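# Breakdown of the fold
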Amino acid sequence: MDRRLKRGLGRLALMVGGPLLALWSISLWLHHEAAQHLHKTIGPYTSARHIDHLADQIVARQMNGWVGGSGVPVMVCLLGLLCIAIHFSFAVPLAPVKALRTRRLVLRRVRPEDVAAFHAILTDPPTLRYWGQAPHRSIEETARWLADAEADPAKRDEFVIERDGNVIGMIGARQWPWVTYILLDAECGKGYGGEALAAFVAHAFASGMPALFVATDTRNAASLAMVRRCGFGEIGRGPLTHETGETIEAVWLRLDKPGYRWPSLRRTAAPDRVAA
């Protein structure tokens with residue numbers, strides 16, 4: 001079951017069960033008060049079972065009296081409150097997952113001290129070969145780039161890739177449902193990219209995302225092979241212009257969550273860069 005579905009059902013149970021529990025508690029209290037009053041007044045003349053039955057009748061009449069002649073409006077209001085509860089139970093965003101762990105990697109959230117490591121990554125020419133962005137000119141530019149990683153959790157979800165305490169890249173969605181990743185060139189060819197991608201895909205599907213997309217440069221054979229091993233299938237090819245002004249031929253791939261089929265589209269709001 002999806003994390004979003006589990007969380008939604010939990011919130012719904014609390015929002016609906018809470019008022020029901022409150023009503024049940026009120027009815028118990030009214031029953032107790034009615035039974036005590038009956039015991040004092042008619043207790044010597046009847047049985048405890050009869051007192052209990054009379055107390056039930058008094059509670060029922062009292063609660064019906066609260067509704068009175070406005071039963072229909074009250075039911076409409078209760079139904080409206082139930083609809084609101086269902087909406088907010090499933091619409092409220094999930095608390096972000098702090099970290100994902102694989103056999104060799106830790107995928108975690110951005111920290112302020114990551115700036116230096118990412119500045120080294122984003123100024124390394126071999127790493128940026130297919131990235132589509134110019135090397136960062138200053139550490140302040142890298143700091144702004146990292147700050148964007150957590151700017152809008154509803155639209156993006158990104159993780160730092162860490163190996164033995166060392167930052168080696170980043171993976172996630174800067175623009176749902178598009179997955180992007182960058183891995184330090186010196187760490188490529190060791191299976192880290194595929195390991196991180198598989199972990200992020202599982203996380204995204206568990207969070208309720210029905211399908212994921214990747215765009216990669218057709219010249220980047222290693223990246224293309226990696227996403228295909230993870231189950232992504234090609235849905236189209238075409239030109240893509242990077243922020244640097246370079247136009248490349250990109251291949252778009254899609255991976256559907258098991259049991260779900262995305263509408264038959266060639267691509268959906270393609271990102272401005274490919275996965276490195």
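What you see is a predicted model; the values in this text were computed from it and never measured.

## Some remarks on helix α5 (residues 139-148)
- Listing the buried residues of α5 in full gives Glu-141, Thr-142, Trp-145 and Leu-146. Along the axis of α5, the buried positions cluster into a sector of 135°, meaning they face one direction only. Exposed and facing more than 90 degrees away from the buried side of α5 are Arg-144 and Ala-147.
- Packed against the buried residues of α5 are α4 (115-121) and β4 (166-175).

## Some remarks on the packing of aromatic side chains
- Throughout the structure, instances matching the rule amount to four aromatic pairs.
- Each ring, one from Phe-118 and one from Trp-145, has its centre 5.8 Å from the other, and the planes form 45°; the classification is tilted. Residue Phe-118 is located in helix α4, and its partner Trp-145 is located in helix α5; the two are separated by 27 residues in the primary sequence. Each member of the pair, Phe-118 as well as Trp-145, carries the same accessibility label: buried.
- Seen in terms of ring centroids, Trp-178 and Phe-213 are 5.3 Å apart; in terms of plane orientation they differ by 45°. Their pairing is tilted. A residue pair is termed long-range when its members are at least 10 positions apart, and Trp-178 in strand β5 (residues 178-183) and Phe-213 in strand β6 (residues 211-217) qualify at 35 residues. Here Trp-178 and Phe-213 have matching classes, each one buried.
- Site record: aromatic cluster; members linked through ring pairs are Phe-159, Trp-176 and Phe-200.

## Looking at empty space enclosed by the protein
- Summed over the entire model, instances satisfying the criterion amount to one cavity of 30 Å³ or more.
- Taken as a whole, the largest cavity encloses approximately 40 Å³ of empty space.
- Residue lining of the largest cavity: Trp-131, Trp-145, Glu-158, Met-170, Arg-174, Thr-180, Tyr-181 and Ile-182, and that is the complete set.
- Looking at the lining of the largest cavity, the elements that each hand over two or more residues are β4 and β5.

## Regarding the pattern of salt bridges
- In this structure the tally under the stated criterion is twelve salt bridges.
- Notably, a salt bridge pairs Arg-228 with Glu-234, separated by 2.9 Å at the nearest N-O pair.
- On the accessibility criterion, Arg-228 (39% relative accessible area) is partly exposed.
- Residue Glu-234 is classed as partly exposed on the basis of its relative accessible area, which comes to 37%.
- The structure contains a network of salt bridges with shared partners spanning Arg-108, Asp-114 and Glu-162.

## Focus: the nonpolar core
- Counting 30 residues, the largest nonpolar core has Leu-107, Ile-171, Val-179, Leu-197, Leu-212, Val-227 and Phe-232 as its most contacted members.
- Of the residues forming this core, the biggest block, eight residues, is contributed by helix α6 (residues 192-206).
- In this structure Leu-212 touches Trp-176, Pro-177, Val-179, Val-201, Ala-204, Phe-205, Phe-232, Leu-253, Arg-254 and Leu-255, once residues within four positions along its chain are discounted.
- In terms of nonpolar packing, the next biggest core, distinct from the first, is built from 14 residues, Val-115, Ile-121, Leu-128 and Ile-182 among them.

Cut-off values and rules
Residues numbered from 1 in each chain as written. Predicted model: local features only at pLDDT ≥ 70, side-chain atom pairs only at ≥ 80, totals over all residues. Heavy atoms only, no water. Buried < 20%, exposed > 50% of the residue type's maximum accessible area, 1.4 Å probe, protein only. Helix = DSSP H or I, 4+ residues; strand = E, 2+ residues; numbered from the N terminus. Arc of directions from axis to C-beta. Contact = heavy atoms within 4.5 Å. Phe/Tyr/Trp six-rings, centres within 6.5 Å; stacked < 30°, edge-to-face > 60°. 1 Å grid on protein atoms, 1.4 Å probe; cavity = no way out; pocket = protein on both sides within 12 Å on 5 of 7 lines; lining within 4 Å. Points joined across faces, edges and corners; volume = space filled by probe spheres on them. Salt bridge = Lys/Arg side-chain N within 4 Å of Asp/Glu carboxyl O. Core = buried A, V, L, I, M, F, W, Y, C linked by side-chain atoms within 4.5 Å.

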